[in-house]
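The residues making up each chain are set out below.
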Amino acid sequence: MHKVVETHILENNLSSEAEVWPLLKYQMTRHITLSKGVEDMEFKSKSYVSLLLSLIVSFCNLFRARFSKKKVAYFGAFSRVSINDGMIYDEFVSAEKQEKLCILYHCSNFEGAKVLTCFKRGVIFENLIITLLVVFIKRFGWHSRTPSLSEDFIGLLIREYGVSQKQVEAILRDYECKKTAYKKLLKWLGVQNVEIVSAYTKPAIVSAANELGIKTLEYQHGLLAPYHPSYHYAGVELWHSSMLPTRLKIYSSFWQMKMREANFVPEDKIEVEGALPQVCEEVKKQIFKQVGNDKFFIFTGQGICYADVAEFVTGLIEQFPDYTVVYRPHPREHQNHIQLSTIVQNDNFKVIDREAYQDTLTLIGASKAHFSIFSSCHFEALELLGKTYVLDVVENNLMKEGGEDENIIFITKASQIMDI
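Residues numbered from 1 in each chain as written. Predicted model: local features only at pLDDT ≥ 70, side-chain atom pairs only at ≥ 80, totals over all residues. Heavy atoms only, no water.

A. The arrangement of the overall build of the chain in detail. In terms of helices and strands, the chain carries 15 helices and 15 strands. Here the C-alpha atoms of the chain give a radius of gyration of 22 Å, agreeing with the 22 Å that 2.2 N^0.38 yields for 420 residues. A burial count over the chain gives 52% of its 420 residues as buried. Sequence-distant contacts, at least 24 apart, represent 71% of the contacts inside the chain between residues at least 6 apart. Only carbon and sulfur atoms are counted for the fraction: they give 50% of the accessible area of the chain, which is about 20,000 Å². (Helix = DSSP H or I, 4+ residues; strand = E, 2+ residues; numbered from the N terminus. Rg over C-alpha atoms; globule rule 2.2 N^0.38 Å. Buried < 20%, exposed > 50% of the residue type's maximum accessible area, 1.4 Å probe, protein only. Contact = heavy atoms within 4.5 Å. Areas by Shrake-Rupley, 256 points an atom, 1.4 Å probe, with all protein chains shown as cover.)

B. Local environment of the environment of Ser 375. Structurally, Ser 375 is set in the loop between strand 13 (369–372) and helix 15 (377–385). According to the relative accessible area criterion, Ser 375 is buried, its value standing at 11%. When the C-alpha positions of Ser 375 and Leu 398 are compared, they lie 8.6 Å apart, and in sequence the two are 23 residues distant. Leaving out residues up to four positions away in the same chain, Ser 375 has contacts with Leu 223, Thr 300, Gln 302 and Met 399. There is a polar contact of 2.9 Å between the side chain of Ser 375 and the backbone nitrogen of Cys 377. (Polar contact = N/O pair within 3.5 Å; in protein donor to acceptor, adjacent residues only side chain to side chain.)

C. Here's a closer look at the sheet that holds strand 9 (residues 270–272). Strand order across the open sheet formed by seven strands is 5-4-1-6-7-8-9, with parallel pairing between neighbours. Every interior strand has two partners, whereas the edge strands, strand 5 (124–125) and strand 9, have only one. Of the strand pairs in this sheet, strand 7 (residues 215–219) and strand 8 (residues 247–250) are connected by three bridges, and their pairing is parallel. Looking at strand 8, one finds that Leu 217 is bridged to Arg 247. Sheet contacts for helix 8 (residues 165–189): strand 1 (72–77), strand 4 (101–106) and strand 6 (193–197); angle to strand 1, the most-contacted strand, approximately 130°. (Pairing = 2+ DSSP bridges. Axes fitted to C-alpha atoms, helices over the stretch in contact; angles between N-to-C directions.)

In structure tokens form, the structure reads like this:
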């Protein structure tokens, strides 16, 4: 989808365009995939009280962090966190490691933030701080000028993606303001390293850190190359942009093999956690008890296409009446998944969110089959179950980017499933 633009940049040796392309590539991907009538059920806070309390906590902890002398700033995803018994359980960093980090989270669900625990644990909701800083940066013109891009390049974006020049300029202007804000934040914290989840959605953080000489590490949180366009680039050499991290930590040799060919980070800067552990029988018994059935399917959601998912789940229950279908909401859905339960209304359908059970991997490993629309969980299911099913109901599905694999099975309805 993006090869034409990247080839144009490389053939014409366009340095400014190469620099901003990781930012524009993500935004163009969103423009294409979410402009085709896809129903998006991402939950966003509407409570001004929760926002104000979270902002106050963030400022208090920002001042505490200034004098803590911690060397690493961790920019995490609050959607991958659960808070219980006064502890923060993050999917990427242990509670022990958190003690050594300046903890900064991007959060869209402040109703579930549990601000007292966040205050005690030193959490800074960085998107609130940055939003406020950007207001002043825009007001007083403290940001850098947006880079000058060639007319041919702008014209190519318009033809390939159907965007306007004003949209592109707005994206770049917003980015420059945010990068200025993150530079001020990182200088205030005085850290030597930045660790980040979902770097492609936060290029201003990565670029600010790289330009300040701060080392950057990204944790894999989802799909990588060749399935996710933000993790692979055309050509035969590394892509040159300050928006890309300098190191990458991933969780399987499969992704390591793919990322070595992706022109994303140097091969020797890719760290591998190791193979996924198989689910032991004792844990399976605990899961079966929670599900209420030792035969269940799992559908890991993205918070999109509820009507299509409901139709598919209903068909699955009709075809396999002895099975329970477990829906695992994406953290971005929060309470919105109740709408899905309202549509399905079947005793064989059960939602298990992270408050009910934290570990998605063990749920997949204990299931009889895994379904999703597009997700890194497909590849975890491949390793744990041997195959996975893609509900093919969106245009330009990322799962089609990696080529054919007989164990990645594309379906549009339950009746197409011949063998489990």
